[in-house]
Amino acid sequence: MTRNWNLDRRTFLRGAAGALVPLPFLNLMENSVAKNLAGETIPPIRFMSLFKPNGVHPPSWNINGGSEFDFRTSPLMAPFAKHRDDILFLDNMGDFGFSSHTNSARRFLCGAHNNTNGASMDQMIADQVGKETPHRSLELTTEGLFTNQIGCSYISFDPKGDPIPRESDPQLVFDRLFRNPMSDPEQRKAMGCLLDRVSEDAKSIQRKTGREDTETLDEYLTVLRETEKRLENRTATAGASQIDFSQLERPESSANLNEQVESMLDLIALAMWTDSTRCISYMLGNSNSRMVFDFLGVTEQHHYLSHFFRNFSRHNIDGLLKISLWHMEKFDHLISKLKSYKDHHGSLLDHSVVLFGSGMGHSDNHTAQRIPVVLAGKGGGMIKTGRYLRYSENQQLGRLHLTLLQKFGVAVDSFANSDSPLPGLDGGPFEEYRERPFQSWSQVENGTINAQGRLRMSDNLDEAKVFYIDVADKEPVRIEISFKDFHHFNVAYHVGTPIQMTGTISEVNGRTVLSKITTLKSLFGKSKPGGSGG
């Protein structure tokens with residue numbers, strides 16, 4: 001006799017002490033979920049955002065040259081380059097001028113720094129997709145509050161524009177997702193292993209499943225058990241020794257950072273896989289993160305190193321790039337985890353959109369243009385990945401947010417300062433960056449140089465604060481200026497574009513260099529792109 005077993009999508013494994021464990025999607029649940037007109041199961045679409053603090057070192061991050069389908073990923077993208085076909089790379093995103101750290105945090109999910117009276121886009125998506133899940137959304141972080149500039153510590157905001165509290169402890173997140181909340185550690189210990197308490201219910205379901213569902217369920221229970229044990233071991237190790245509180249010293253803040261972050265990323269994937277939530281925001285650090293990455297051999301604060309022009313040394317730039325590469329490796333960790341989980345008739349990543357990036361571009365000058373932004377996952381078909389979109393003009397992040405909001409079914413016509421969606425995300429047409437022709441030349445007279453050409457930063461890490469103007473058929477003009485000139489003329493903003501510059505020349509280490517800027521003019525853009533309010 002053939003039995004057609006069915007499970008509801010909201011089925012939980014149940015056990016002693018009120019234990020409830022959500023399940024990933026199984027074939028037995030096909031009849032309980034929405035279908036399209038062709039009778040095909042419609043998987044839920046998830047949204048995740050991963051915030052990288054303190055901008056980037058542009059020569060290491062920016063993709064220069066190439067086209068939509070023919071491009072090379074940059075050195076900093078190496079950790080996740082293997083996922084190229086699952087990623088949409090966006091360029092020329094952001095505003096003009098400078099950006100404070102607080103404004104950078106607000107801009108990431110609010111579209112603009114002055115969008116302070118409404119919800120961030122992740123919360124608007126949560127309102128749309130979180131109605132059927134146990135948890136409407138999760139707001140997570142790595143770092144505690146930065147009380148000197150509290151706005152640096154938040155990227156998610158409620159409908160009034162107020163910051164939403166974050167959770168930084170993976171064990172508490174695990175308890176929230178998979179255990180009844182119990183504040184007493186002794187009570188929680190007495191409950192025993194979560195899976196031991198739901199084992200009978202799990203065995204009952206396994207007797208009804210086919211081969212593919214059995215494999216999925218086995219994989220899920222293994223992952224859940226490993227996650228639980230890893231978190232228990234981390235806690236046991238941390239509390240193994242007796243502490244004399246009278247002799248306490250300030251602990252190393254980053255001693256367990258790598259394990260903490262990877263545990264949190266694993267929980268993000270697990271929460272999405274079990275449909276416990278469909279919207280998560282996670283800060284890898286506060287917007288002006290002071291974390292010390294000593295486990296990478298870096299002993300200086302991240303924020304200090306991010307100001308690599310004013311605090312330049314080869315040692316410092318190497319430390320900054322180690323931290324940035326670590327951030328990219330964590331992005332890779334999340335993508336790999338999402339790709340490894342089967343979901344409906346694809347992977348969890350296929351049915352997700354992951355927004356990864358920062359709120360500023362150049363980490364020292366705090367430029368609000370060429371902000372690092374990438375999207376991972378196809379979102380069930382809403383995103384066409386494997387492409388590089390460099391727009392012809394700067395695009396406010398609000399246009400990207402508006403597009404994603406609409407694709408997630410949020411009924412809005414505008415967001416932040418933007419009232420038109422960002423084109424091209426789904427493979428449609430967009431206006432691609434094409435450099436207009438220009439002449440380049442240089443003239444030296446009476447200790448002054450006047451040059452026209454494309455401005456660039458040096459690719460040599462030993463010269464991380466050196467700029468060049470490329471001139472046809474001549475040696476490039478070398479620029480070594482003070483931080484005052486660098487900041488006053490917003491030099492970093494003009495990198496990669498044709499300019500005309502005049503200045504004083506000097507001899508530095510036997511080289512003729514432009515050492516003080518008199519004028520700087522953009523050939524095609526804004527010569528004075530804006531002040532620090534951006």
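Conventions used here
- Residues numbered from 1 in each chain as written.
- Predicted model: local features only at pLDDT ≥ 70, side-chain atom pairs only at ≥ 80, totals over all residues.
- Heavy atoms only, no water.
- Helix = DSSP H or I, 4+ residues; strand = E, 2+ residues; numbered from the N terminus.
- Contact = heavy atoms within 4.5 Å.
- Areas by Shrake-Rupley, 256 points an atom, 1.4 Å probe, with all protein chains shown as cover.
- Pairing = 2+ DSSP bridges.
- Phe/Tyr/Trp six-rings, centres within 6.5 Å; stacked < 30°, edge-to-face > 60°.
- Buried < 20%, exposed > 50% of the residue type's maximum accessible area, 1.4 Å probe, protein only.
- Lys NZ or Arg CZ within 6 Å of the ring centre and 35° of its normal.
- Axes fitted to C-alpha atoms, helices over the stretch in contact; angles between N-to-C directions.
- Parallel < 35°, antiparallel > 145°, perpendicular 65-115°, else oblique.
- Left-handed = near helix turned anticlockwise from the far one by under 90°.
- Nonpolar A, V, L, I, M, F, W, Y, C, P; charged D, E, K, R; others polar.
- Core = buried A, V, L, I, M, F, W, Y, C linked by side-chain atoms within 4.5 Å.
- Salt bridge = Lys/Arg side-chain N within 4 Å of Asp/Glu carboxyl O.
- pLDDT = per-residue confidence, 0-100.

### Details of the overall build of the protein
Line of reasoning, step 1. Looking only at helices and strands, one finds 14 helices and 17 strands in the protein.
Line of reasoning, step 2. Taking the contacts inside the protein whose residues are at least 6 apart along the sequence as the reference set, 72% of them involve residues at least 24 apart.
Line of reasoning, step 3. When the accessible surface of the protein is totalled, it reaches about 23200 Å², and 48% of it is carbon and sulfur.

### Notes on the pairing of strand 12 (residues 441-445)
Line of reasoning, step 1. As paired strands, strand 12 and strand 13 (residues 448-457) are joined by 5 bridges and run antiparallel to one another. Each residue of the ladder has a partner; that of serine 442, found in strand 13, is alanine 451.
Line of reasoning, step 2. Turn length for the strand 12-strand 13 hairpin, with the two strands adjacent in sequence and antiparallel, is 2 residues, and the turn residue asparagine 446 shows positive phi of about 55°.

### Looking at the packing of aromatic side chains
Describing an aromatic ring pair means giving the distance of the ring centres and the angle of the ring planes.
Line of reasoning, step 1. As enumerated under the stated definition, the model contains 16 aromatic pairs in all.
Line of reasoning, step 2. On the numbers, 4.1 Å between centres and 5° between planes, the contact of phenylalanine 309 with phenylalanine 486 is stacked. Within this pair, whereas phenylalanine 309 is found in the loop between helix 10 (302-306) and helix 11 (314-340), its partner phenylalanine 486 is found in helix 13 (residues 483-488), the two being separated by 177 residues in sequence.
Line of reasoning, step 3. Residue class for phenylalanine 309 comes out buried when judged on its relative accessible area of 2%.
Line of reasoning, step 4. Positioned over the ring face of tyrosine 433 is arginine 390, at 3.9 Å from the centre of the ring.
Line of reasoning, step 5. Sitting over the face of the ring of phenylalanine 309, lysine 465 holds its NZ or CZ atom 4.9 Å from the ring centroid.

### A few points about the packing of helix 9 (residues 257-273) against helix 11
Line of reasoning, step 1. Running from amino to carboxyl end, helix 9 crosses helix 11 at an angle of 30°, the nearest separation of the two axes being 9 Å. Relative to helix 11, the element helix 9 is oriented roughly parallel. The way helix 9 lies across helix 11 gives a crossing that is right-handed. Here helix 9 contributes Leu257, Asn258, Val261, Glu262, Leu265, Asp266, Ile268 and Ala269 to the contact with helix 11, which in turn contributes Trp326, Lys330, His333, Leu334, Lys337 and Leu338.
Line of reasoning, step 2. Across the contact of helix 9 with helix 11, the residue classes tally to 8 nonpolar, 2 polar and 4 charged.

### Quick notes on the environment of asparagine 117
Line of reasoning, step 1. Mapped onto the elements of the fold, asparagine 117 is located in the loop between helix 2 (101-110) and helix 3 (121-129).
Line of reasoning, step 2. Judged by its relative accessible area of 67%, asparagine 117 is exposed.
Line of reasoning, step 3. In this structure the C-alpha to C-alpha distance between asparagine 117 and phenylalanine 157, which are 40 residues apart in sequence, comes to 9.2 Å.
Line of reasoning, step 4. Once you skip the residues sitting within four places of it in the chain, asparagine 117 turns out to touch Pro159, Lys160 and Gly161.

### Observations regarding the sheet that holds strand 9 (residues 352-357)
Line of reasoning, step 1. The strand order across the open sheet built from 7 strands is 5-6-3-9-10-4-11, with neighbouring strands paired in mixed fashion. Two strands bound the open sheet, and with one partner strand each, they are strand 5 (138-141) and strand 11 (387-395). Each neighbouring strand pair of the sheet contributes to a mean axis angle of 15°, computed without reference to strand direction.
Line of reasoning, step 2. Relative to strand 10 (residues 373-376), strand 4 (residues 87-93) is paired through 4 bridges, and the arrangement is antiparallel. By the bridge assignment for strand 10, leucine 88 is matched with leucine 375.

### What about the nonpolar core?
Line of reasoning, step 1. Counting residues in hydrophobic clusters, the biggest one holds 77 residues, and the most contacted among them are Phe89, Tyr282, Phe331, Phe467, Ile469 and Val491.
Line of reasoning, step 2. With 11 residues, helix 9 is the single largest residue contributor to this core.
Line of reasoning, step 3. Contact partners of valine 491, with chain neighbours within four places excluded, come to Asn365, Leu455, Phe467, Ile481, Asp485, Phe486, Ile517 and Leu520.
Line of reasoning, step 4. Residues Ala105, Met124, Met283 and Ile383 belong to the second largest nonpolar core, which totals 39 residues.

### What about unusual backbone geometry?
Line of reasoning, step 1. With a phi angle near 55°, histidine 366 is a residue other than glycine that sits in the positive phi range.
Line of reasoning, step 2. By secondary structure assignment, the location of histidine 366 is in the loop between strand 9 and strand 10.
Line of reasoning, step 3. Overall, histidine 366 belongs to the buried group, its relative accessible area being 12%.
Line of reasoning, step 4. Phi at aspartate 473 takes a positive value of approximately 60°, unusual for a residue other than glycine.
Line of reasoning, step 5. Within the secondary structure, aspartate 473 is located in the loop between strand 14 (467-470) and strand 15 (477-479).
Line of reasoning, step 6. With relative accessibility at 82%, the residue aspartate 473 sits in the exposed group.

### A closer look at the pattern of salt bridges
Line of reasoning, step 1. Applying the stated criterion to the full structure yields 22 salt bridges.
Line of reasoning, step 2. Taking the shortest distance from any N to any O, the salt bridge between aspartate 462 and arginine 314 comes out at 2.8 Å. Here arginine 314 lies in helix 11 and aspartate 462 lies in the loop between strand 13 and strand 14, a separation of 148 residues in the sequence.
Line of reasoning, step 3. The partly exposed category is assigned to arginine 314, whose relative accessible area is 34%.
Line of reasoning, step 4. A network of salt bridges, in which partner residues are shared, links Glu463, Arg478, Glu480 and Arg511.

### Examining the confidence of the model for the protein
One rule of thumb: low pLDDT means the predicted coordinates there are not for detailed reading.
Line of reasoning, step 1. Overall, the prediction assigns the protein a mean pLDDT of 85, with 79% of residues at 70 or greater.
Line of reasoning, step 2. Across residues 235-255, where pLDDT falls below 50, the model places 9 contacts with residues more than four positions away in sequence or in other chains.

### Description of helix 3
Every α-helical turn comprises 3.6 residues, leaving residues that sit three or four positions apart pointing alike.
Line of reasoning, step 1. In terms of residue burial, helix 3 counts as a mostly covered element, since 7 of its 9 residues are buried.
Line of reasoning, step 2. Restricting attention to buried positions, one finds in helix 3 the residues Met121, Asp122, Gln123, Met124, Ile125, Ala126 and Val129.
Line of reasoning, step 3. Contacts made by the buried residues of helix 3 are with strand 3 (46-51), helix 2, strand 5, strand 6 (279-283) and helix 12 (397-407).

### A short note on the packing of helix 4 (residues 170-178) against helix 9
Line of reasoning, step 1. Contact pair helix 4 / helix 9: the axes reach a minimum separation of 9 Å and the direction vectors enclose 15°. One way to sum up the angle between helix 4 and helix 9 is to call them roughly parallel. Pair helix 4 / helix 9 crosses with left-handed handedness. For the pair helix 4 and helix 9, contact is made by Pro170, Val173, Phe174, Leu177 and Phe178 and by Gln260, Ser263, Met264, Leu267, Leu270 and Ala271, respectively.
Line of reasoning, step 2. Taken together, the residues of the contact of helix 4 with helix 9 break down into 9 nonpolar, 2 polar and no charged.

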